[in-house]
Every structure is written in structure tokens, then in C-alpha cells.
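Spelled out, the chains give:
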Amino acid sequence: MAPTFTLVEKANSRSYSLVPTPGESFVTIQYLMTASGTASEADIRAAAGAPPSRISSAIYASDGYLKTMVIREVTIEPVRERQNAWIVTHRASTRNGYPTDNSTGAYCSCTRATVVRSTAMYRKGATFPANGTVVFAAGADIGGDKVDTNGKPKVYDVPQQLVTIETQYDRTLPSGSPAAEPNWATYTSYVGNRNSAVFLGFPIGTLLYQGFQTAPEDNYYRMSHTFLYDAWFHLEQIPCPNPTGEPILVAGVSIGSPAVPILQVKDVVFLQRYDTLSAFSSILAAADLTALTSPKPLAIA
């Protein structure tokens with residue numbers, strides 16, 4: 001008959017190592033485990049607990065932070081002076097950070113880098129359509145100052161920002177909510193969409209969602225979402241062509257001394273490759289935005 005095991009937590013056994021999200025915080029708990037009779041090695045290991053598993057409900061009780069802890073390591077040491085007794089140590093950890101009001105594991109960081117997009121510029125100071133939305137076939141001339149030379153545009157470097165948002169997703173807690181997997185299909189549907197509302201401070205239509213990357217880490221996903229801001233709303237200037245595809249040219253300015261007349265493009269319209277606007281509300285939860293926009297601790301006055 002298999003022996004009966006009893007685990008009793010040792011007095012004042014708990015020790016903590018606490019760090020903010022997304023670092024790994026630890027709690028170490030020690031138990032005295034006894035058996036009612038001679039036990040096999042397999043019985044001892046089974047009774048002591050095995051990683052990965054949640055810590056005992058007697059430990060976390062109503063503590064939301066301790067509920068996020070997962071046992072990562074179990075050590076079993078015999079008590080030499082006592083028969084059928086062992087010291088069992090559970091080393092559990094969480095990446096949900098501290099303090100306890102962050103038991104959801106909300107974490108969000110933002111990195112930015114300036115880049116440029118080299119594009120053809122036929123008009124300088126052109127009027128952008130509202131939110132960068134335009135119907136190409138019905139587009140009117142964009143106005144502005146003509147800067148092309150005999151139909152050859154100038155090259156302009158449009159200022160851009162490459163924005164990467166990193167978040168953390170707990171796949172397991174609380175049970176069943178959130179779901180075990182993030183909204184992959186929703187994230188994928190956003191690719192090539194521009195923002196329909198001000199997002200991270202960027203005006204409507206200027207921020208393009210380029211996609212996500214994710215990697216598992218323990219029972220979490222570390223996720224990165226990449227966006228591209230464009231000062232031109234991701235628009236391109238397209239000259240009105242003749243039947244052969246060449247720009248229609250008309251008399252333009254004269255340059256040099258003596259003045260040399262040049263031809264310039266008659267009409268220019270905007271092309272918007274990214275017509276769809278989305279709110280991106282499924283990418284960052286309210287808690288993530290708070291973690292990003294309200295850093296802690298507060299400065300000391």
C-alpha cells in the first residue's frame with residue numbers, strides 16, 4: 001500500500017525577489033514533507049510537486065499577485081535525523097511584475113527610429129487630402145509649386161518614424177480569459193492599414209501597421225508590433241500621363257540667365273496605396289496604454 005504524504009509549510013519560509021515587468025520575480029517556499037511509511041523514489045517525486053505548475057492554493061489564497069506564480073524548480077532533500085521526512089523547496093516565478101496592482105502583467109514599451117522615404121516630388125507645398133484619403137481616379141490637381149524639369153521630378157526624402165511597440169501576453173491566467181492565443185487574425189487584418197483615430201499621438205492616416213513578431217517565453221508571449229509614420233500620409237505624387245504613359249507637359253518657368261524656358265507637368269494627383277483605416281484598438285489594451293503613457297515611479301517634487 002502506497003504511503004500517505006503530508007506537506008506543511010515551514011514557518012517564515014517564504015522569500016521574495018521582486019522586479020518590475022517584464023523581468024522575472026521569484027518566491028521561494030519551503031515545506032516539510034512526511035510519509036506514513038516507506039516510499040519509493042517515484043512516490044517522493046510525485047508528492048513533492050513538479051514544474052511547471054501553480055503554487056498551492058493555501059499559499060496564494062486571495063492574493064492576485066501570487067496567483068500568477070508558476071513553480072519552475074523543485075528541490076527535495078532528506079531530513080537526515082528523521083525517517084521518511086524531506087525538505088521540499090518550491091521556487092516559483094512570474095513575469096507579471098510587481099506591485100500587486102499589476103497582476104494582469106500589463107507591460108508596454110515603445111522604441112522609435114527616424115527613417116526617410118525617397119519619393120518623386122513634382123509639386124512642393126501641395127495640399128494633402130484630409131487624413132490622406134483620396135480617390136485616385138477622381139483626384140484633382142494637388143496644387144503647390146511646380147519643381148519638375150521637363151517632366152523629371154525632384155527626389156524628396158519624406159520624414160518617417162519606425163515605431164515598435166512591445167507587449168507581454170499571459171497565455172494561461174486567468175483560466176480561459178484571456179484566451180490562450182492572442183488575436184492573430186485581427187492583427188494580420190491590420191497589415192497595410194492606416195490609423196483611423198489618433199494613436200500614440202500620431203494624426204489620423206499617418207501611421208501604417210506593418211505587422212507583428214512574437215516569441216514564447218515560459219507561459220507568456222513577448223510581442224512586437226511595428227508601425228510606420230509618414231509625414232506625407234503615405235501618399236505618392238503621380239503626374240497625369242498621355243496615351244503613351246509619359247507626363248503631359250506644358251510651358252513652365254524659365255531658369256538661368258539668359259532665361260531658358262522649360263516644360264513642366266500639367267497636372268499631378270495623389271496616389272494612396274493604403275486605403276483602409278483601422279482603429280488598432282485590439283493591439284493595445286487600456287492597461288498596456290497606461291503602462292506606456294504613465295511611467296512609474298512618479299518623480300519626487
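This text follows the structure it describes.
Residues numbered from 1 in each chain as written. Predicted model: local features only at pLDDT ≥ 70, side-chain atom pairs only at ≥ 80, totals over all residues. Heavy atoms only, no water.

Novice: Would you mind showing me how to read the environment of Thr149 here?
Specialist: Positionally, Thr149 belongs in the loop between β9 (145–146) and β10 (154–170). The sequence separation of Thr149 and Glu9 amounts to 140 residues, and the corresponding C-alpha distance is 84 Å. Excluding its chain neighbours within four sequence positions, the residues that come into contact with Thr149 are Lys154, Ile262 and Leu263. A polar atom in the side chain of Thr149 sits 3.0 Å from the side chain of Lys154. (Helix = DSSP H or I, 4+ residues; strand = E, 2+ residues; numbered from the N terminus. Contact = heavy atoms within 4.5 Å. Polar contact = N/O pair within 3.5 Å; in protein donor to acceptor, adjacent residues only side chain to side chain.)

Novice: Can you help me understand unusual backbone geometry in this one?
Specialist: Trans peptide bonds make up most of the peptide bonds, and negative phi angles are found at most residues other than glycine. Backbone torsion omega between Pro51 and Pro52 reads -10 degrees, so that peptide bond is classified as cis. Relative to the helices and strands, Pro52 is located in the loop between α1 (41–48) and β4 (53–54). Of note, the bond from Ser257 into Pro258 is cis; its omega dihedral lies within 30 degrees of zero at 0 degrees. Mapped onto the elements, Pro258 comes out in the loop between β15 (249–255) and β16 (260–265). Here the phi dihedral of Asn131 falls at roughly 60 degrees; this positive angle occurs in a residue that is not glycine. Examined against the element boundaries, Asn131 turns out to sit in the loop between β8 (123–124) and β9. By relative accessible area, Asn131 is classed as partly exposed at 33%. (Buried < 20%, exposed > 50% of the residue type's maximum accessible area, 1.4 Å probe, protein only.)

Novice: Just to check I follow, could you spell out the nonpolar core for this structure?
Specialist: In summary, soluble globular proteins display a tendency toward joint burial of nonpolar side chains. Core analysis: the biggest nonpolar cluster contains 18 residues, and Phe227 and Ile283 have the highest contact counts within it. Elements that contribute at least two residues to this core include exactly β10, α3 (184–190), β12 (207–217) and β13 (220–230). With four residues, the top contributor of residues to this core is β13. Beyond its immediate chain neighbours, meaning those up to four positions away, Ile283 contacts Tyr187, Tyr190, Tyr209, His225 and Phe227. Residues Ile44, Leu66, Met69 and Trp86 belong to the second largest nonpolar core, which totals 17 residues. (Core = buried A, V, L, I, M, F, W, Y, C linked by side-chain atoms within 4.5 Å.)

Novice: Sorry if this is basic, but what is going on with the pattern of salt bridges here?
Specialist: When their charged atoms lie close together, side chains carrying opposite charge are able to pair. For the structure on display, the rule yields twelve salt bridges. Its salt-bridge partner being Arg14, residue Glu9 comes within 2.7 Å of it at the nearest N-O pair. For Arg14, a relative accessible area of 33% gives the class partly exposed. With its nearest N and O atoms 2.8 Å apart, the salt bridge here joins Asp267 to Lys266. When its relative accessible area of 25% is taken as the criterion, Asp267 is described as partly exposed. Among the charged side chains, a network of salt bridges with common partners joins Glu24, Arg72, Arg95, Glu166, Glu217, Asp218 and Arg222. (Salt bridge = Lys/Arg side-chain N within 4 Å of Asp/Glu carboxyl O.)

Novice: Explain the environment of Val70 here, please?
Specialist: Along the polypeptide, Val70 turns up in strand β5 (residues 70–78). With a relative accessible area of 6%, Val70 lands in the buried category. C-alpha of Val70 to C-alpha of Thr188: the two residues are 118 residues apart in sequence and 31 Å apart in space. For Val70, the residues in contact, after removing those within four places along its chain, are Pro52, Ser53, Arg54, Arg91, Ala92, Ser93 and Asn219.

Novice: Explain the side chain of Asn219 to me, please; I cannot follow it from the model alone.
Specialist: Mapped onto the elements of the fold, Asn219 is located in the loop between β12 and β13. Among the residues examined, Asn219 registers a relative accessible area of 11% and is labelled buried. A distance of 2.9 Å separates polar atoms of two side chains, one belonging to Asn219 and the other to Arg72. Once residues lying within four places of it in the same chain are set aside, the contact partners of Asn219 are Arg54, Val70, Arg72, Tyr169, Asp170, Arg171 and Thr172.

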